[in-house]
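Close look at the chain arrangement
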Amino acid sequence: MADKVFVGKTTVVNTKFGQIVKVALGPQDFEVLTNAKNDKGWVNLEIKDKRDGGKYIQLQGEMKQQAVAVNDTDSDLPF
């Protein structure tokens, strides 16, 4: 994969039981994930730490089609 492709939005919440990573995927994300399936139908994702303490989700592997733009703001989280 030449270009890095990111999907979803994440929020890290600290609780008395430890950190919880909340993940929100929108309609555009599902289209990107559909196009990223490997030969067996799986999509490989990596959840990585951001420098500011948050997380981000990056696709791994070859894309069958050009990726479309995904959600790029934190303003419409469903939780």
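This structure is a prediction, so every number in the text was calculated from the model and none was measured. (Residues numbered from 1 in each chain as written. Predicted model: local features only at pLDDT ≥ 70, side-chain atom pairs only at ≥ 80, totals over all residues. Heavy atoms only, no water.)

Our next topic: the side chain of Thr10. If you trace the backbone, Thr10 turns up in strand 2 (residues 9-15). Among the polar contacts made by the side chain of Thr10, one reaches the main-chain carbonyl oxygen of Lys55 at a distance of 2.5 Å. Sequence-distant contacts of Thr10, defined by excluding residues within four places in its chain, comprise Val21, Lys22, Val23, Lys55, Tyr56 and Ile57. (Helix = DSSP H or I, 4+ residues; strand = E, 2+ residues; numbered from the N terminus. Polar contact = N/O pair within 3.5 Å; in protein donor to acceptor, adjacent residues only side chain to side chain. Contact = heavy atoms within 4.5 Å.)

Inspection of helix 1 (residues 27-35) places Asp29, Val32, Leu33 and Asn35 among the buried residues, and these make up the whole buried set. Taken down its axis, helix 1 places every buried residue within 165° of arc, on the same side. Looking at the buried positions of helix 1, the neighbouring elements they touch are strand 1 (6-7), strand 3 (18-24), strand 4 (44-49) and strand 5 (55-60). (Buried < 20%, exposed > 50% of the residue type's maximum accessible area, 1.4 Å probe, protein only. Arc of directions from axis to C-beta.)

Once that is clear, we can look at the environment of Val7. Here Val7 lies in strand 1. The spacing of Val7 and Gln28 is 21 residues in sequence and 8.5 Å in space, taken between C-alpha atoms.

In this section: the environment of Lys9. Along the chain, the position of Lys9 falls in strand 2. Distance from Lys9 to Asp29, taken between C-alpha atoms, is 9.8 Å for residues 20 residues apart in sequence.

Quick look at the pairing of strand 4 now. Bridge count for strand 4 against strand 5 is six bridges, and the pairing is antiparallel. Along strand 5, the bridge assignment pairs Leu45 with Leu59. Hairpin connection, strand 4 to strand 5: the antiparallel pair is bridged by five residues, and Gly53 has positive phi, about 100°. (Pairing = 2+ DSSP bridges.)

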